[in-house]
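The lines below spell out each chain.
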Amino acid sequence: MQKKWPDFRFTAEETAGAVGDFGTLFPIIMAVAVISGMELGPILLFMGIAYIITGLYYKLPMPVEPMKSIGAVAIAGGLSQAEIVSAAMMMGIILLILSYTGWMSRFKSEIPEWLIRGIQLGLSFILLEQAVVFIVGDLYLGLIATAVIIAFIFLPFKDISSLLVLALGLLIGFMELGYIPIHIADLPQLYIPPAEAWLPGLLRGVFPQLPLTIANAVLATSLIIDDLFAKKVPEEKLLKTMGFYCLFFSPFGAFPMCHGSGGLAAQYRFGARTGGSNIISGVIILIMGLFFASPQLLEFFPYGVLGALLVFSALQMLKSGKESNRPLLSLSTAVIAFFADIGIAFLVMLAFIILSRFFRQQAE
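The sections below set out a description of the structure shown in this document. (Residues numbered from 1 in each chain as written. Predicted model: local features only at pLDDT ≥ 70, side-chain atom pairs only at ≥ 80, totals over all residues. Heavy atoms only, no water.)

1. What to know about the state of the cysteines
Here is step 1: Applying the stated criterion across every chain yields a total of 0 disulfides.
Here is step 2: The thiol of Cys 258 is unpaired, and the distance to the nearest cysteine sulfur, on Cys 246, comes to 7.6 Å. (Disulfide = S-S within 2.5 Å.)

Next up, the structure:
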């Protein structure tokens, strides 16, 4: 029987869980800000606001993350700021349409659980690969940080290892850089992308991102909430918050945001059990966005620390992904996701399902 938690609490465990997803959040938004030219201040400001709103709305830990496919294309130089904003606004419109028309229920009935579990497995592989890259790039700190987190598995204490690891990283940052430079954020300005940005935003932003959002941010997140908390969060509810953030925050400088099963696994792994963890996350990110939103901020979160956090995010996701009723199909999905792309894996396996049903009907 699942323990009943209050709606909100503000403890060391919630604080540890609040920073548990920072290992995936900060590298993406920092790199996007540097490469695309987007202002870091509004990205952090609106992400902090979204975290607080989400915590109050769901009364559960619920990550607010940059949309990973759009982020990856942007980091690779494939999307400009205008195209990112156009992709975000189109994603917002699509997600809100799905939430209010009931079409999501039809999609859910057609997508088997093994496919969602396969997406979870694929994410765990991708997170592990990124964790290794981070740790190898900062080997000694990465190994020490990982050892601290592993030690708490065997210690008879509450797991606040993520707090200790981040504190270690900040201490090293202060020793090397001396201080965090203060950078007061400007007021967000409304920006509507020009007409020529919408087609590239659709082709390179929306099309790769939408399958990932449906599979991971909606279906897999709803599933892992049920696994961890024995609570039902309707998929339409998740679509509404993501759609709202994308459509109304992105024109003011926010990066497109979604939820995510991997981020939730990380928050839970480090102690988050209530909406209080989201409020703590939001306050931390808001302070960064208002007063410290310079590219140098990333230097105070060393890659060795981020890598250690990613390791255990990946392991929690791996644990959920293993619970498949069709393990070979789930593993096949994960392999395609790892070597190609999560969106591609989703579409390939969806095509496999459609063709399988067609040939089965023909045989009958």
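Don't stop here, the text continues.
2. Thoughts on the side chain of Arg 273
Here is step 1: Tracing the backbone through its elements, the reader meets Arg 273 in the loop between helix H12 (261-269) and helix H13 (276-291).
Here is step 2: For the buried Arg 273, no salt bridge is present, and the opposite-charge side chain at shortest range is Glu 14, 6.6 Å distant.
Here is step 3: If we ignore the near neighbours within four places in the chain, the residues touching Arg 273 are Trp 5, Arg 9, Glu 14, Pro 61, Phe 229 and Tyr 268. (Helix = DSSP H or I, 4+ residues; strand = E, 2+ residues; numbered from the N terminus. Buried < 20%, exposed > 50% of the residue type's maximum accessible area, 1.4 Å probe, protein only. Lys, Arg positive; Asp, Glu negative; His and termini not counted. Salt bridge = Lys/Arg side-chain N within 4 Å of Asp/Glu carboxyl O. Contact = heavy atoms within 4.5 Å.)

3. Describing the pattern of salt bridges
Here is step 1: Inspection of every chain in the model, using the stated rule, returns 6 salt bridges.
Here is step 2: Here the salt bridges share partners, and the residues they tie into one network are Glu 113, Arg 117 and Asp 227.

4. A look at the environment of Ile 70
Here is step 1: When you line up the elements, Ile 70 lands in helix H4 (residues 68-75).
Here is step 2: You can call Ile 70 buried: its relative accessible area is 0%.
Here is step 3: Along the primary structure Ile 70 and Gln 362 are separated by 292 residues, whereas in three dimensions their C-alpha atoms are 39 Å apart.
Here is step 4: Beyond its immediate sequence surroundings of up to four residues, Ile 70 is in contact with Leu 79, Ile 84, Ala 87, Met 91, Gly 205, Gln 209, Phe 255 and Pro 256.

5. Brief notes about the packing of helix H7 (residues 113-137) against helix H16 (residues 342-363)
Here is step 1: Where H7 meets H16, the axes come as close as 11 Å, and the angle between the chain directions of the two elements is 155°. One way to sum up the angle between H7 and H16 is to call them roughly antiparallel. The interaxial crossing formed by H7 with H16 has right-handed handedness. Across the interface between the two elements, Trp 114, Leu 115, Ile 119, Leu 123 and Ile 126 of H7 pack against Ile 342, Phe 346, Met 349, Leu 350, Phe 352 and Ile 353 of H16.
Here is step 2: Class assignment for the residues of the contact of H7 with H16 results in 11 nonpolar, no polar and no charged. (Axes fitted to C-alpha atoms, helices over the stretch in contact; angles between N-to-C directions. Parallel < 35°, antiparallel > 145°, perpendicular 65-115°, else oblique. Left-handed = near helix turned anticlockwise from the far one by under 90°. Nonpolar A, V, L, I, M, F, W, Y, C, P; charged D, E, K, R; others polar.)

6. As for the packing of helix H10 (residues 198-229) against H16
Here is step 1: At a minimum axis distance of 8 Å, the contact between H10 and H16 shows a crossing angle of 75°. Taken together, the axis directions place H10 and H16 in an arrangement best described as roughly perpendicular. Residue-level contacts link Pro 208, Pro 211, Leu 212 and Ala 215 of H10 to Ile 342, Gly 343, Phe 346 and Leu 347 of H16.
Here is step 2: Residues belonging to the contact of H10 with H16 are distributed by class as follows: 7 nonpolar, 1 polar and no charged.

Everything listed here is a matter of coordinates, which is why it stays silent on function.
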